[in-house]
Amino acid sequence: MIAKVVVDVPVMDTDRTYDYLIPPNLSGKVKVGSRVVVPFGPRSIQGFVVELVQQPAPDAEQRNLKEITSVPDEEPPLTGELVELALWMSRRYICYLFTALQSMVPAAMRSTYKRWVSIPDDPSVGEQLKRHVLLTGEGEDLYYDLHRGRMEWEQIIRKYPDSEAFLQRWVKEGWVHLDREVGDRITRKKVTVVKLLTDEAELKHVIEELPAQAMKQRDVLNYFLHRPGMGGVALKQLLQETSTVRGTVQRLVERGVLVFEEVDAYRDPYEHSQFQKETPPVLTRQQQRALAPILSAIENETFEAFLLHGVTGSGKTEIYLQAIAEVLKKGKEAIVLVPEISLTPQMVRRFKGRFGDRVAVLHSRLSTGERYDEWRRIKDGRAKVAVGARSAIFAPFRHLGLIIIDEEHESSYKQEENPRYHARDIAWYRGRKNHAAVIYGSATPSLETYDTAKKGKITYLSLQERIGNRPLPQVELIDMREELRNGNRSMFSNLLKDEIDQRLKRKEQMVLFLNRRGFSTFVMCRSCGAVSRCPHCDISLTYHRYNKALRCHYCGYAEREPQSCSQCGSTHIRYFGTGTQRVEEELSQLFPGIRIIRMDVDTTSRKGAHEQLLNRFQKGQGDVLLGTQMIAKGLDFERVSLVGVIAADTVLHLPDFRSAEKTFQLLTQVGGRAGRHQLEGKVVIQTYTPEHYSIQFARNHDYRGFYEKEILEREKKGYPPFTRIILFTLSHEEATQVVKTADQLCKILKDRLPPTVTILGPVPSPVARIKNRYRFQCMLKYGTERQIPQQVAEVIRQFELERKKDKVQIVVDVDPQVMM
Ligand code: ADP
Ligand code: ZN
Ligand code: ZN
């Protein structure tokens, strides 16, 4: 048998399978999906088996086949279905196969490489090193250490911080030997279990024989006597239940009655949480109507996708829970994706409360070990429901019956590093392969999903009312141009100031929202709200400070910085990109003593900071929660009665064809934050363009109206879903080098792809420089030709192989969500 292995060297040259022999001692263990360690050139590396065949591939270099060295896991971490999926992903997203495979397993399985340093056996070499050390005194202590046995490189550097330089020289001279060893970061938690070694009759006998004063030992043995047939009990539990100490049990072990055993355990991230068992409520009429078709798809085991469209609080999660219950009843499994940010303890409680420890939770705040164990519970069949962020879509279930993507419009479902997959597509793929139901849920579905539903490929289900008929909050639009005309130059309108003041007096809380920190800036007239847009692409022009120019970063169109407004002639022209810090300052000046909790990239970069800030707000330690879009979703605070949006325009003028959609989603979601409980909620939206349709439709809670208008705009301009986009971002430390390579790339794409494909650029990216690397991009637009990604992949492969030396990094993003 030959194993075809994809190796952990993700570069273009090695993006294929290599043949390896399976040695007899591993013959039963190597399967499709196995993780293996193999020799590769002079090294030892990790790989995944993607196929088993009888004959090796007939090419010459493979005549001397090497053997697989080892198989680290008991069972293959990937199922056959996942291996297939990885192959599909590598074509669909134009990424390396290894990268796709690795994204499906927990981080603990990523390879680590250790370097062992030792003194060679050859006595003449040893003699040379010895002479050198004695003569120069260099590394004398290390030399004696190494005589006692090999040492790991990192360990040496820790012990002798100055040794790195001469150690490298020793290696070069051949005085010491370097062995590389491949490993991983898997650690297993062990617990001590106590087991009984005797049968019942003998146990009774032992108890009788115990001296009268050995009361504690008697208690322990009685514990076992009263539980016949019990396999064993965790030492910790035994000590607790019999109120004894370890010494007592130890004595019984020494007598040969009991025995200690170390067994594998699962780390449980929710070990210390109690989950109240809860019973499902009776569904409302509209919930029943939505659930019925989902249940019949589950019942018939057919692939069917649903869009569950319902405002926040309309009972979507309850529908998920009842659909999952049905799936479990059939002995099948379910995946639930939730945006990272809304994977709060409250959310977890709802799932664990209903399904107990059949729920595994996967998210990035778990430790590597915890995540590995939660994943293992899925793999071992102990967990039947995986609740998690994006990557939980790869949960290794074998009888998948249901996939749910909550808040399906969320951009965090798209991975912004390789492989650049969208969980929405993966859900569709796995649903189809497993004959499972797929539910996309949202209050503001992405235009693409809604459009697919309109075309009938997704079943549309809607929930129109909130549970308990709680009204949607009242939304006030403030025209900031008017404020300016009335002499108010502050970033707060008079109404918003007034509302804040009232909340402070009533001791209620508020959320103030500002768009993401100003990465990209645009130029806007404060008198009339006009923003310069590209005449060809209809996206906002981006202001580039270094040459004071406005530029379209799709097609490259440029114009000079305007001195006055082209619409109204006003000179009140401003660059937008206000930071949260400035809002905080102004707020403190207006309301001395106001307690502000600021949440943005700066205050939440530390691990756990995000939750801490939210906790403080929850406890009432702040009047205002001020933040970027991270506060817009999923949060639910009882005492919040006001939500303010400082400037809706910052999203609207993102240089992105989805900016209207993002504005609509954001304003709708932000509105959903207010008035979820007893307090009546109010939303104040400030804007310089109140007439814009995205803002108008959001104010009226009119999704349908928004869709009808937006889909026309997309069609007119030729944007998705009418076309598809592939974005190339090139970066390098020298601008001239990026430009040169980008030009070459565009030329090759134009030459080799059919003329129906439009290629725009190269142009500087809106974020023109990151970490000293200049960034340029080109955009490829095509219609419905399905073979284009494959052709692009081929062009890129050729191009990468030909231009190896220039070190320009090329990132390919198929169906990009972020255009910067
Ligand atoms: P969504 O997911 O759409 O925001 P939820 O499922 O969280 O909505 O429901 C909102 C609130 O209403 C929750 O507190 C939930 O427990 C409650 N709820 C949902 N369905 C029912 C029902 N049929 N009867 C009573 N309460 C319900
Ligand atoms: Zn103007
Ligand atoms: Zn343009």
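Note that the structure is a prediction, hence the values are computed from the model and not measured.

Basis of the calculations
Residues numbered from 1 in each chain as written. Chains lettered and ligands numbered in written order. Predicted model: local features only at pLDDT ≥ 70, side-chain atom pairs only at ≥ 80, totals over all residues. Heavy atoms only, no water. Helix = DSSP H or I, 4+ residues; strand = E, 2+ residues; numbered from the N terminus. Buried < 20%, exposed > 50% of the residue type's maximum accessible area, 1.4 Å probe, protein only. Areas by Shrake-Rupley, 256 points an atom, 1.4 Å probe, with all protein chains shown as cover. Lys, Arg positive; Asp, Glu negative; His and termini not counted. Charge placed at Lys NZ, Arg CZ, Asp CG, Glu CD. Near = heavy atom within 4 Å. Polar contact = N/O pair within 3.5 Å; in protein donor to acceptor, adjacent residues only side chain to side chain. Pairing = 2+ DSSP bridges. Contact = heavy atoms within 4.5 Å. Axes fitted to C-alpha atoms, helices over the stretch in contact; angles between N-to-C directions. Donors = N, O, S within 2.8 Å, 3.2 Å for Na, K, Ca; no water. Tetrahedral: all angles 85-135°; square planar, octahedral: opposite > 155°, others 65-115°. Salt bridge = Lys/Arg side-chain N within 4 Å of Asp/Glu carboxyl O. Expected span 1.5 Å × (residues − 1). Patch = residues over 30% accessible without salt bridge, like charges linked within 9 Å, V, L, I, M, F, W, Y side chains within 5 Å. Phe/Tyr/Trp six-rings, centres within 6.5 Å; stacked < 30°, edge-to-face > 60°. Lys NZ or Arg CZ within 6 Å of the ring centre and 35° of its normal. Parallel < 35°, antiparallel > 145°, perpendicular 65-115°, else oblique. Left-handed = near helix turned anticlockwise from the far one by under 90°.

1. Observations concerning the overall build of the protein
Logical step 1: When its secondary structure is counted, the protein shows 26 helices and 32 strands.
Logical step 2: Once the C-alpha set of the protein is aligned to its principal axes, its extents read approximately 95 × 70 × 60 Å.
Logical step 3: Relative to its 820 residues, the protein shows a buried fraction of 54%.
Logical step 4: Total accessible area computed for the protein in this model is approximately 38,200 Å², and 48% of it derives from carbon and sulfur atoms.
Logical step 5: Between the averaged position of the 121 positive side-chain charges in the protein and that of its 105 negative side-chain charges there is a distance of 3 Å.

2. Some points on the site of ligand 1
Logical step 1: By nearness alone, 15 residues border ligand 1, and Val282, Gln287, Gly313, Thr317 and Arg350 come closest of all.
Logical step 2: The contact in question runs from a nitrogen atom of ligand 1 to an N or O atom on the side chain of Gln287, over 2.8 Å.
Logical step 3: For ligand 1, an oxygen atom lies 3.1 Å from a polar atom in the backbone of Glu318.
Logical step 4: Here ligand 1 has 560 Å² of accessible area as a free molecule, and 70% of this is covered by the chains.
Logical step 5: By residue number, the principal contributor to the shell around ligand 1 is helix α12 (residues 316-329), which donates 3 residues.

3. Structural notes on the sheet that holds strand β9 (residues 233-234)
Logical step 1: Strand order in the open sheet made by the 3 strands is β9-β8-β10, with antiparallel pairing throughout. What marks the edges here is a single partner per strand, and that holds for β9 and β10 (258-265).
Logical step 2: Relative to β9, strand β8 (residues 189-196) runs antiparallel, the two being bridged by 2 bridges. The residue of β9 that forms the bridge with Val193 is Ala234.
Logical step 3: Contacts between helix α10 (residues 246-254) and the sheet are confined to β8 and β10, with β10 contributing the most and set at about 115° to the helix.

4. Considering the coordination of the zinc ion (ligand 2)
Logical step 1: Taken together, Cys525 (SG), Cys528 (SG), Cys565 (SG) and Cys568 (SG) make up the full set of protein donors to the zinc ion (ligand 2), lying 2.3 to 2.4 Å away.
Logical step 2: The site at the zinc ion (ligand 2) holds 4 donor atoms, and with the angles between them running 106 to 113°, its shape is tetrahedral.
Logical step 3: Mapped onto the sequence, the donors of the zinc ion (ligand 2) take the spacing C-x2-C-x36-C-x2-C. Of the two residues, Cys525 is situated in strand β20 (residues 522-525) and Cys568 in the loop between β23 (558-560) and β24 (573-576); the sequence distance between them amounts to 43 residues.
Logical step 4: Classification of Cys568 by relative accessible area gives partly exposed; the value is 41%.

5. Considering the side chain of Asp649
Logical step 1: Assignment of secondary structure puts Asp649 in helix α21 (residues 649-652).
Logical step 2: Among buried Asp, Glu, Lys and Arg side chains, Asp649 stands out as unpaired, with Arg481 the closest opposite charge at 8.0 Å.
Logical step 3: Here Tyr688 takes part through its backbone nitrogen, which lies 3.0 Å from a polar atom of the side chain of Asp649.
Logical step 4: When neighbours within four sequence positions are excluded, Asp649 is seen to be in contact with Phe522, Met524, Gln686, Thr687, Tyr688 and Thr689.

6. What about helix α18 (residues 494-506)?
Logical step 1: The end-to-end C-alpha distance of α18 is 19 Å, a good match for the 18 Å that 13 residues give at a rise of 1.5 Å each.
Logical step 2: Packed against the buried residues of α18 are β19 (509-513), α19 (580-590), β27 (640-645) and β28 (682-687).

7. With respect to the sheet that holds strand β32 (residues 809-814)
Logical step 1: Pairing within the open sheet is antiparallel, and its 4 strands lie in the order β30-β31-β29-β32. Strand pairing shows two members of the sheet lacking a second neighbour, β30 (758-770) and β32, which therefore form its edges. Looking at each pair of strands side by side, their axes are set apart by 20° on average, direction ignored.
Logical step 2: Direction of pairing for β30 relative to strand β31 (residues 773-782): antiparallel, over a ladder of 7 bridges. Looking at the pairing, Ile770 lines up with Arg773 of β31.
Logical step 3: Packed on one face of the sheet, helix α25 (residues 735-752) meets β29 (724-732), β30 and β31 and runs near 150° to β29.

8. With respect to a positive patch on the surface
Logical step 1: A cluster of like positive charges, contributed by Arg432, Lys433, Lys457 and Arg786, occupies part of the molecular surface.
Logical step 2: Overall, the relative accessible area of 45% leaves Lys433 in the partly exposed class.

9. Some thoughts on the packing of aromatic side chains
Logical step 1: Counted according to the given criterion, the structure contains 17 aromatic pairs.
Logical step 2: Ring geometry for Tyr372 and Trp375: centres 6.2 Å apart, planes at 20°, overall stacked. Here the residue Tyr372 and the residue Trp375 both occupy positions in helix α14 (residues 368-379), the gap between them amounting to 3 residues, near one helical turn. The same class applies to Tyr372 and to Trp375, which are both buried.
Logical step 3: When the ring of Tyr693 is compared with that of Phe706, the centres are 6.0 Å apart and the planes differ by 25°; the resulting orientation is stacked. Of the two residues, Tyr693 is situated in helix α23 (residues 693-699) and Phe706 in helix α24 (residues 703-717); the sequence distance between them amounts to 13 residues.
Logical step 4: We classify Tyr693 as buried; its relative accessible area is 16%.
Logical step 5: Residue classification places Phe706 among the buried positions, given a relative accessible area of 1%.
Logical step 6: Feature note: the residues Tyr450, Tyr460, Phe664, Tyr693, Tyr703, Phe706 and Tyr707 constitute an aromatic cluster, connected by ring pairs.
Logical step 7: The cationic tip of Arg16 hangs over the ring face of Tyr18; the distance from NZ or CZ to the ring centre is 4.1 Å.

10. Some remarks on the pattern of salt bridges
Logical step 1: Scanning the model with the defined rule gives 52 salt bridges in all.
Logical step 2: Lys330 is the salt-bridge partner of Glu301, the closest N and O atoms lying 3.5 Å from each other. Taken together, the residues span a long stretch of sequence, with Glu301 in the loop between α11 (285-300) and β11 (304-310) and Lys330 in the loop between α12 and β12 (333-337) at a distance of 29 residues.
Logical step 3: Lys330 sits in the partly exposed class, given a relative accessible area of 29%.
Logical step 4: In this structure, Arg420 engages Glu416 in a salt bridge whose closest nitrogen and oxygen atoms are separated by 3.9 Å.
Logical step 5: Among the ionic contacts, a cluster of salt bridges with common partners joins Glu476, Glu499, Arg503, Arg506, Glu508 and Lys682.

11. Some thoughts on the packing of helix α7 (residues 200-209) against helix α8 (residues 215-225)
Logical step 1: Put simply, α7 and α8 touch, their axes get as near as 10 Å, and they point 160° apart. One finds that α7 runs roughly antiparallel with respect to α8. In this structure, α7 meets α8 at a crossing whose hand is left-handed. Residues Glu200, Leu203, Lys204, Val206 and Ile207 of α7 lie in contact with α8, whose contacting residues are Arg218, Leu221, Asn222, Phe224 and Leu225.

12. Notes on the environment of Ser103
Logical step 1: Structurally, Ser103 is set in the loop between α2 (97-102) and β5 (112-118).
Logical step 2: Looking at Ser103, the relative accessible area reads 14%, which means it is buried.
Logical step 3: When the C-alpha atoms of Ser103 and Ala86 are compared, they prove to be 9.0 Å apart, with 17 residues separating the residues in sequence.
Logical step 4: A polar atom in the side chain of Ser103 sits 2.7 Å from the backbone oxygen of Ala100.

13. Concerning the side chain of Ser694
Logical step 1: For Ser694, the position within the fold is in helix α23.
Logical step 2: Reaching out from Ser694, the side chain makes a polar contact with the side chain of His692 at a distance of 2.8 Å.
Logical step 3: Leaving out residues up to four positions away in the same chain, Ser694 has contacts with Leu652, Ala660, Thr663, Phe664 and Phe706.

What is shown is where atoms sit, not what they do.
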